[in-house]
Amino acid sequence: LPRDAVVVVGSSGQGIEIFLQAFRVAAGQRAYCSAALGSMGFGLAGAVGAYYASGERPVWSVEGDGSLAMSLHDLAAIGARQLPIRLVLLDNGGYMSIRMSQLRMVDSRLGFDVASDLPMPPLTELAAVSGWTVVPVDDAVGLAAAVDDASTATTPTLVHVRLRHGE
């Protein structure tokens, strides 16, 4: 990420746990997360606050798809205002942490998946109609290129990282 980036991570599961283990804050960067270390829906709202509080520095947010589904109003507001916020969306098919807990502790009935007719909303389509540029990513090479491209964006950019849906 750019040396002057402000990074706001939200979500739970992969969105925060893996990010906080892997990301190393460089000189000049700032990284923020919710005090609860996993408040779903925090990322985009936090990114808007960080954008204005930082004097309009480049802001990146890392969110899971379940968390983003809880803050669609922020997605629309950022798009309407054309804030240059970059969102790295970790798409694992929705609520993977919850799904894994249900499979381990309850049984095979899941409360949220395509088979139960409760799919995730079409997040990338909602972003696009809300004024975001959507950049699809299928692998690590594509991720590096997408981050480079998004770094120079002056409008809202969603880097859509499709993760393997595991059970």
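Just above sits the structure.
Residues numbered from 1 in each chain as written. Predicted model: local features only at pLDDT ≥ 70, side-chain atom pairs only at ≥ 80, totals over all residues. Heavy atoms only, no water.

### Quick word on the packing of aromatic side chains
Logical step 1: Considering all chains together, one arrives at one aromatic pair under this definition.
Logical step 2: The interplanar angle of 70 degrees and the centroid separation of 5.1 Å between the aromatic rings of Tyr 51 and Tyr 52 together place this pair among those described as edge-to-face.
Logical step 3: On the accessibility criterion, Tyr 51 (7% relative accessible area) is buried.
Logical step 4: For Tyr 52, a relative accessible area of 45% puts it in the partly exposed group. (Phe/Tyr/Trp six-rings, centres within 6.5 Å; stacked < 30°, edge-to-face > 60°. Buried < 20%, exposed > 50% of the residue type's maximum accessible area, 1.4 Å probe, protein only.)

### Quick notes on helix H4 (residues 72-81)
Logical step 1: When H4 is considered as a whole, its buried residues turn out to be Asp 74, Leu 75, Ile 78 and Gly 79. One side of H4 holds all its buried residues, which, seen down the axis, span an arc of 135 degrees. Turned more than 90 degrees away from the buried face of H4 sit His 73, Ala 80 and Arg 81, all of them exposed.
Logical step 2: In this structure, the buried residues of H4 make contact with helix H2 (42-53), helix H3 (65-69), strand S4 (85-91) and helix H6 (123-129). (Helix = DSSP H or I, 4+ residues; strand = E, 2+ residues; numbered from the N terminus. Arc of directions from axis to C-beta. Contact = heavy atoms within 4.5 Å.)

### Concerning helix H7 (residues 140-151)
Logical step 1: Taking 1.5 Å per residue, 12 residues should reach 16 Å; H7 reaches 17 Å between its end C-alpha atoms and fits that length.
Logical step 2: Ala 146, Val 147 and Ala 150 are the residues of H7 that are buried. Take H7 and look down its axis: the buried residues cluster within an arc of 100 degrees, on one side only. Exposed side chains of H7 directed beyond 90 degrees from the buried face belong to Val 141, Asp 148 and Asp 149.
Logical step 3: On its buried face, H7 is in contact with strand S3 (59-64), S4, strand S5 (133-137) and strand S6 (157-162).
Logical step 4: Near the N-terminus of H7, the side chain that reaches the backbone nitrogen of Val 141, with its oxygen 3.3 Å away, is that of Asp 139. (Expected span 1.5 Å × (residues − 1). Polar contact = N/O pair within 3.5 Å; in protein donor to acceptor, adjacent residues only side chain to side chain.)

### Some thoughts on the nonpolar core
Logical step 1: By size, the foremost hydrophobic cluster in this structure holds 20 residues, and its most contacted members are Leu 44, Val 59, Leu 68, Ile 85, Trp 132 and Leu 158.
Logical step 2: Among the elements of the structure, strand S1 (6-9), H2, H4, S4 and H6 are those that each provide at least two residues to this core.
Logical step 3: A total of four residues in this core trace back to one element, the largest contributor, which is H2.
Logical step 4: Those residues in contact with Leu 44, other than ones at most four positions away along the chain, are Ser 61, Glu 63, Leu 68, Ser 71, Asp 74, Leu 75, Ile 78, Leu 87 and Trp 132.
Logical step 5: Core analysis: the second largest hydrophobic core is formed by 16 residues, Val 88, Leu 90, Val 137 and Ala 146 among them. (Core = buried A, V, L, I, M, F, W, Y, C linked by side-chain atoms within 4.5 Å.)

### Details of the pattern of salt bridges
Logical step 1: For the structure on display, the rule yields one salt bridge.
Logical step 2: One salt bridge connects Asp 138 with Arg 162, and the closest N-O pair in it is separated by 2.4 Å. A residue pair is termed long-range when its members are at least 10 positions apart, and Asp 138 in the loop between S5 and H7 and Arg 162 in strand S6 qualify at 24 residues. (Salt bridge = Lys/Arg side-chain N within 4 Å of Asp/Glu carboxyl O.)

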